[in-house]
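These are the residues of each chain, in order.
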Amino acid sequence: MIRMAQYGTKHGHAAGKLKAMLDNPEVEVVGLYEPDAERRQQVADDGLYRQVRFLDSEEELLGDSSIVAVASEGRNDESLDQTERIVQAGKHVWYDKPAGDDWAQWQRVVAEARAADLQVQMGFMLRYHSGFSQIAEWARSGFLGNVYSVRAHMSTNITVAGREVIAAGHHGGIFYDLAGHMLDQVVWILGRPEKVTAFLRNDTGIVPAFQDNTLGVFEYERAMAWVDIAAMEPQPMARRFEVYGERGSAILLEPFEPGHTIRLCLTEAADGYAQGEQMVPFEGISRQGLYELELASLIRVLKGEHGPDRSLDHELLVQETLLRGTGLIAD
């Protein structure tokens, strides 16, 4: 049994991550610390949060040597500081995205984790989506030939209040908030981009300081990637992921959550697939199911059953690429 706890409740994934821990038979949830007393009062009577003991202080969480790992679920402008304190306390971290705005601090946190042999696993749940995993395998193995283009569309529709919260704490608006999911896939396939150009616009005027219509262009020696994110797409959203290679293309048809089909097109028959266009089915999965797969992977790492699905170097690269896109790191 692995003893875990949660720090914070303000991240959009916080309740889902807590549920994943509570439902996992290999995890004992010791408790939850929410530093904001008003927020604690707001959620304390929620059906999910009633199932967990609220800790009274950060020391009660970080000072408990029996707690092996912590889910870092503070709001994005809180979580990097909280994650650093978790690492300094000698605990592994299941850290929800993105990894803050302070690039130097994030590098320091990763260095501290590496020196202490601690795992920091970012909460990019689409790593565990079978459609994304299949396309990445095809792309990385050379099955599609030289990959020259990746296009990712992951827009959403968020409230005025949500826009104000992001605008108050971060530059980059909806791109800062969501693009990391797609960049996690892009750099896993293509590596570090040579050049990043971003278009961060406010086109609704609803919250002028919030960039609500955004595009990042990532250039490589022999490829380009486009990631577009908007905050006002009508629901249901048409989220889509496309990879184009010289021998084939693979398109995860919208919406990719939960997803059921990849359009695969090949110049020649290979590996049991026909030449030309075909629809490749896969088993879709809910968002909560992806959280459960994230946690299961982390548990296997902590038990020494396999290595991390993504290295700390990869976690650094995703965040560096995101911050190059928001302009916080000069390109």
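That block above? That's the structure.
Residues numbered from 1 in each chain as written. Predicted model: local features only at pLDDT ≥ 70, side-chain atom pairs only at ≥ 80, totals over all residues. Heavy atoms only, no water.

A. Layout of unusual backbone geometry. Cis peptide bonds are those with omega within 30 degrees of zero, and the linkage from Lys97 to Pro98 qualifies with -20°. As for its placement among the helices and strands, Pro98 is situated in the loop between β4 (92–95) and α5 (103–115). The backbone phi angle of Asp117 is positive, close to 60°, even though this residue is not glycine. On the secondary structure map, Asp117 appears in the loop between α5 and β5 (120–122). Unlike most non-glycine residues, Asp271 shows phi in positive territory, near 50°. By secondary structure assignment, the location of Asp271 is in the loop between β12 (261–266) and β13 (276–281). Residue classification places Asp271 among the exposed residues on the basis of a relative accessible area of 66%. (Helix = DSSP H or I, 4+ residues; strand = E, 2+ residues; numbered from the N terminus. Buried < 20%, exposed > 50% of the residue type's maximum accessible area, 1.4 Å probe, protein only.)

B. Quick look at helix α4 (residues 79–88). Of all 10 residues making up α4, seven are buried, and the element is well covered by its neighbours. Residues of α4 that are buried sit in contact with β1 (2–7), α3 (58–62), β3 (69–72), β4, α5 and β5. Just beyond α4, the residue with positive phi is Gly90, at close to 85°. (Contact = heavy atoms within 4.5 Å.)

C. View of the side chain of His11. Here His11 lies in the loop between β1 and α1 (14–23). Among the polar contacts made by the side chain of His11, one reaches the main-chain amide nitrogen of His13 at a distance of 3.0 Å. Polar side-chain contacts of His11 include one of 2.6 Å to the backbone oxygen of Lys97. In contact with His11, other than residues within four places in its own chain, are Glu73, Gly74, Arg75, Asn76, Asp96 and Lys97. (Polar contact = N/O pair within 3.5 Å; in protein donor to acceptor, adjacent residues only side chain to side chain.)

D. Summary view of the nonpolar core. By size, the foremost hydrophobic cluster in this structure holds 97 residues, and its most contacted members are Trp106, Val227 and Phe241. For this core, the leading source of residues is helix α8 (residues 173–190), giving 10 residues. With residues near it in sequence (within four places) discarded, Val227 still touches Ala152, Phe175, Ala179, Met182, Leu183, Val186, Thr214, Leu215, Gly216 and Phe218. (Core = buried A, V, L, I, M, F, W, Y, C linked by side-chain atoms within 4.5 Å.)

E. Broad picture of the environment of Gly325. Within the fold, Gly325 resides in helix α10 (residues 312–326). For the pair Gly325 and Phe199, spaced 126 residues apart in sequence, the C-alpha separation works out to 8.7 Å. Every residue in contact with Gly325, bar those within four places of it in the chain, is listed here: Phe175, Val196, Ala198 and Leu200.

F. Structural view of the sheet that holds β13. In space, the eight strands of this open sheet follow the order β7-β8-β9-β6-β10-β11-β12-β13, with mixed pairing throughout. With partners counted over all chains shown, the strands left at the sheet margins are β7 (195–201) and β13, one partner each. Each strand of the sheet is rotated relative to its neighbour by a mean of 10°, with strand direction disregarded. Direction of pairing for strand β8 (residues 213–219) relative to strand β9 (residues 224–230): antiparallel, over a ladder of seven bridges. Residue pairing across strands places Phe218 opposite Ala225, the latter belonging to β9. Sheet strands touched by helix α6 (residues 130–141): β6 (147–153), β10 (240–245), β11 (248–252), β12 and β13. Its angle to β11, the strand with the most contacts, is close to 165°. Sitting on the sheet, α8 is in contact with β6, β7, β8, β9 and β10, with an inclination near 155° to β9. (Pairing = 2+ DSSP bridges. Axes fitted to C-alpha atoms, helices over the stretch in contact; angles between N-to-C directions.)

G. Looking closely at α6. Helix length check: α6, at 12 residues, gives a terminal C-alpha distance of 16 Å against a target of 16 Å (1.5 Å per residue), a fit within 8%. Backbone geometry just downstream of α6 places Gly142 in the positive-phi region, at approximately 90°. (Expected span 1.5 Å × (residues − 1).)

H. Structural detail: the pairing of β10. Of all six residues in β10, five are buried; the element is thus mostly enclosed. Here β6 pairs with β10 via six bridges, running antiparallel. Paired with Val150 across the strands is Val243, a residue of β10. Relative to β11, β10 runs antiparallel, the two sharing four bridges. By the bridge assignment, Tyr244 is partnered in β11 with Ser249.

The values are spatial; any link to function lies outside them.
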